[in-house]
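Descriptive analysis of the structure
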Amino acid sequence: SSGINAEWPLRPGCKQGDASSCVIEFDVTSTIGDPGANDVKFWKLKDGELDEKSSSSKEGNTFSRVFGQWKKPSRSGQYVVVVTVKGKTYQSEPVTLTVLPKD
């Protein structure tokens with residue numbers, strides 16, 4: 001085991017044009033060091049490969065990626081978080097984000 005674990009507390013979904021933001025969150029636990037926001041990156045997968053990288057925000061052990069004005073149906077897809085602590089890298093299981101089109 002890598003000593004790092006990341007779990008999704010909720011299944012994200014949202015709608016284009018809604019005032020509220022879409023948020024993907026991960027609860028990250030590590031027995032080998034405390035990861036900071038720079039150590040946790042969100043990636044959108046394309047054909048199972050890491051494709052689009054974005055940074056995270058940290059609050060306690062929860063890391064989040066917010067989709068505000070960028071929440072378009074094209075943002076839908078599978079996302080993972082990649083955590084690097086003390087040279088060890090952990091990739092989470094993918095979660096599916098669904099952005100529904102405007103009515």
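Relevant structure appears above.
Keep in mind it's a predicted model, so treat the numbers as computed, not measured.

Structural notes on the nonpolar core
Core analysis: the largest hydrophobic core is formed by 15 residues, its most contacted members being I24, F42, F67, V81, V83 and L97. Secondary structure elements with two or more residues in this core: β3 (22–30), β4 (40–46), β7 (62–67), β8 (77–85) and β10 (95–100). Once you skip the residues sitting within four places of it in the chain, F67 turns out to touch S21, C22, I24, R75, Y79 and L97.

Some thoughts on the state of the cysteines
A complete count under the given rule lists one disulfide for this structure. Across the disulfide, C14 is cross-linked to C22 (sulfur-sulfur distance 1.4 Å). On the sign convention where negative means left-handed, the S-S torsion of about 80 degrees between C14 and C22 marks this disulfide as right-handed. Overall, C22 belongs to the buried group, its relative accessible area being 2%.

Overview of the packing of aromatic side chains
Under the defined criterion, the tally for this structure stands at two aromatic pairs. Relative to F42, the ring of F26 has its centre 5.7 Å away and its plane inclined at 40 degrees; by these criteria the two rings are tilted. Of this pair, F26 sits in strand β3 while F42 sits in strand β4, and the two are 16 residues apart along the sequence. For F26, a relative accessible area of 0% puts it in the buried group. Here the aromatic rings of F67 and Y79 are separated by 5.6 Å at their centres, their planes lie at 75 degrees, and the arrangement is edge-to-face. Taken together, the residues span a long stretch of sequence, with F67 in strand β7 and Y79 in strand β8 at a distance of 12 residues. Like F67, the residue Y79 is buried in the burial classification.

Quick notes on the pairing of strand β5 (residues 49–54)
Bridge analysis of β4 against β5 gives five bridges, and the strand direction is antiparallel. Each bridged residue has a counterpart across the sheet, and for K44 the counterpart in β5 is E52. In textbook terms, the turn of a hairpin is the stretch between consecutive antiparallel strands, and for β4 and β5 this stretch comprises two residues, one of which, D47, has a positive phi near 55 degrees.

Reading the values: the criteria
Residues numbered from 1 in each chain as written. Predicted model: local features only at pLDDT ≥ 70, side-chain atom pairs only at ≥ 80, totals over all residues. Heavy atoms only, no water. Core = buried A, V, L, I, M, F, W, Y, C linked by side-chain atoms within 4.5 Å. Buried < 20%, exposed > 50% of the residue type's maximum accessible area, 1.4 Å probe, protein only. Helix = DSSP H or I, 4+ residues; strand = E, 2+ residues; numbered from the N terminus. Contact = heavy atoms within 4.5 Å. Disulfide = S-S within 2.5 Å. Phe/Tyr/Trp six-rings, centres within 6.5 Å; stacked < 30°, edge-to-face > 60°. Pairing = 2+ DSSP bridges.

Worth remembering: the numbers are spatial, not functional.
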